Each structure stands twice: as structure tokens, then as C-alpha cells.
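Survey of secondary and tertiary structure
Letter by letter, the chains look like this.
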Amino acid sequence: MRTKRLLSLIFCATGMLLLILDAKTALYAASEGISLCITVVIPSLFPLLVLSTMINSTLSGLKSPVLRPISKLCRIPEGAEPVLLLGLLGGYPVGAAGVRQAYDSGVLKKVEAERMLAFCNNAGPAFIFGILSLQFEGVGVCFAIWVVQIVSSLVVSMIVPGCDQRKTTAPVREPITMPQAIPIGLRNMANVCGWVIVFRVIIGFLERWLLWLLPQRLSLIVLALLELTNGCLLLSNIEQQATRFLIASAFLALGGICVAMQTASVSGTLSLRKYYIGKLLQAVISVVLSALLLLIFPLA
């Protein structure tokens, strides 16, 4: 505990010193982060956060024969299938927020919710077709990346150990209405944007003092591991489209540090240990699946 406090103190003191000595870089990077939130993050994510909250509250706990094969495949409780669908379709960190909501409402036990974080928090179609479409020629490549994300997530669900499948016994509650969902979405959106701005400032200092010393590809990898959106926007710097495809699949599956912090912000008291394991597994599986796709359908 003492070492942790000391490291935290050193980190905070270093950050304060940089903000004082190089305020111009901090201001410029923060303004870039705010612009990124306004032009990309909020338009693509906020409507999904609101709608996912309403959908999750409406469907959670409901048992449907149509969705039952999904629960058996992924070894999750019957009635928790909507949480998985949100994790596959909603994007970061909508899936994690859905898991937390299902845990708070009693649909999931804590151990089940922590297990589902490993595969229910993924890059969604809004991000993939909105951001990555600028980095590739044709929508087909983006669709292939999205399919890889879905398949790799399902494979992780079959690998990560967890509890035996059961039927949920959550009490029936009134679905969350739009007026109730908007404040929840705003709170989650504020968490996301706050982390995006903080990491944009960190990246600004790194670009000024360190990253220019590194090769371009290594610098891109560092940026993507820190903050996914900034890293993906730089993929066009890689000439070979096949290499871009592999790197994008790995980045999207892993999420990066900023996504992990967003997940921690919306997941409350749930442990993220299985989340980290799941993301590492998914990144490896995504690269393998993408490589197989490139063997079948080569990119120029």
C-alpha cells in the first residue's frame, strides 16, 4: 500500500510539473481531446449509451427460446443474452455498462458479471464503420474486421472459465424510460470523454518529448495502446493495407489503456482481472483470424 501511494504521488507530481513547465502543450492537447469528443466520440456513442440502457432494462431477465442457444454457447445465465448482444453491437464501454447494470439489477451474480466483462465489451459497428472506414478502401474490409471482433469475442466466451449456466431469477421491474436513461447516458458519456481528454494530454506530452525519437510504426503502436481512437486515425500512415488490417484487428480487440480506464469507470466494484485476460486472448485470436482471412482473400 505504501509503495502504491508513493508511485501515485510521483506520477501526480510529475504531471503537475509538466503542466506548469509546458502549459502550451497541455492546452493544445486538451483542446484536441475536446474536439475529438465533440466531433467523433459523443455523436457515435451517446445515442448508443442511452438506447442500450433502455434496451438492457427492457430485455434483462427475459427468457427467450430464440436467444437460448447464445447463452448455451457462451455459458452465461439465461436472461443475460441482451447483455452479450449489447457488448457485441454497442461498442466500448457500452458492453461494460450493460454488465454493470445487469449486476446491479440482480440478473447477474458478481462472479458472472466479472466473467462477462471479458467478452462483453467490444468495439462496435459505429466506431468500426465510422473511424476505420477512413483508413481502408471499401466497406468490405471494415465489415470483415467487425466479423472478426464478434467471432473472437465468442471464442473468448468459450475459453474463459466461469460458473455453470443457470436461469436468472431477477425480479420484474419497470423498464427504464428515455427521461431516466438520458442522465445515465450523460454520466457514462462524461466518464468516457474525461478519459479521452486526459489521454490526449498524455499523448501530447509524449509526442513532444519522446515519440518523435521512435520509428513511425512503433510510435503508432504506442499511441494506439494508450488511446484507441488516436491510434486508429494514424493507420493510414501504413502503406500496406494487409498490415493495416492485422494491426487494426489487434488494436480493436485489445482496446488499450484508455478503454480499460473507461471500463473501470462504468463497472463500479466489479474486478477487471478477467477483463484484462479476455482482452489479451481476444487480441491474439483476432490476429489469427485476420491472418486466415488474408490468406483466403488477399488485400492489395
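The preceding data block contains the structure.
A brief report on the enclosed structure follows. (Residues numbered from 1 in each chain as written. Predicted model: local features only at pLDDT ≥ 70, side-chain atom pairs only at ≥ 80, totals over all residues. Heavy atoms only, no water.)

1. Details of the overall build of the protein chain
For clarity, the cut-off: Comment: elements are numbered from the N terminus, with helices defined as DSSP H or I runs of at least four residues and strands as E runs of at least two. Note that the radius of gyration is over C-alpha atoms, with the globule rule given as 2.2 Å times the number of residues to the power 0.38. For every residue, the accessible area (1.4 Å probe, protein chains only) is compared with the maximum for its type, and the residue is labelled buried under 20%, exposed over 50%, or partly exposed between those bounds.
Scanning the protein chain from terminus to terminus reveals 14 helices and zero strands. Reading the protein chain from its N terminus to its C terminus gives the helix and strand order α-α-α-α-α-α-α-α-α-α-α-α-α-α. In terms of overall dimensions, the protein chain is globule-like: its C-alpha atoms have a radius of gyration of 20 Å, near the 19 Å expected for 300 residues. Across its three principal directions, the C-alpha atoms of the protein chain cover 55 × 50 × 40 Å. Residues counted as buried form 46% of the 300 residues belonging to the protein chain.

2. Re the layout of surface pockets
Rule in force here: Using only the protein atoms, space was sampled on a 1 Å grid; points where a 1.4 Å probe fits but cannot get out form cavities, open sets with protein on both sides within 12 Å along at least five of seven lines form pockets, and lining residues are those with an atom within 4 Å of a point. Grid points are joined across faces, edges and corners, and a volume is the space filled by probe spheres set on the points. Under the grouping applied here, Gly and all other residues not named as nonpolar or charged are polar, the nonpolar ones being Ala, Val, Leu, Ile, Met, Phe, Trp, Tyr, Cys and Pro and the charged ones Asp, Glu, Lys and Arg.
Roughly 390 Å³ of volume is contained in the largest pocket. Lining the largest pocket are 16 residues; nearest its centre among them are Phe11, Gly15, Leu18, Ile202 and Phe205. Those elements that provide at least two residues to the lining of the largest pocket are helix H1 (2-21) and helix H9 (178-209). Here the lining of the largest pocket gets eight residues from one element, more than from any other, and that element is H9. In terms of residue class, the lining of the largest pocket is made up of 14 nonpolar, two polar and no charged.

3. Topic: the pattern of salt bridges
Rule in force here: The salt bridge criterion pairs a side-chain nitrogen of Lys or Arg with a carboxyl oxygen of Asp or Glu, the two atoms within 4 Å.
Under the counting rule described, the total for this entry stands at four salt bridges. Salt-bridge contacts for Glu32 lead to Arg200; the nearest nitrogen and oxygen are separated by 3.0 Å. On the criterion of sequence distance, the pair formed by Glu32 in helix H2 (residues 23-59) and Arg200 in helix H9 is long-range, its members being 168 residues apart. Overall, the relative accessible area of 28% leaves Glu32 in the partly exposed class.

4. What about the side chain of Ser153?
We count it as follows: Every residue pair with non-hydrogen atoms within 4.5 Å of one another is taken to be in contact.
Within the secondary structure layout, Ser153 lies in helix H8 (residues 139-159). Look past the residues within four positions of Ser153 in its chain and what remains in contact with it is Leu88, Phe119, Asn122 and Gln282.

5. Focus: helix H5 (residues 94-104)
Within the span of H5, buried status applies to Val94, Gly95, Ala96, Ala97, Gly98, Val99 and Ala102. Positive backbone phi, approximately 95°, marks Gly106, located one or two places after H5.

6. Some thoughts on the environment of Val198
Residue placement: Val198 occurs in helix H9. Separated by 168 residues in sequence, Val198 and Ala30 have C-alpha atoms that sit 7.3 Å apart.

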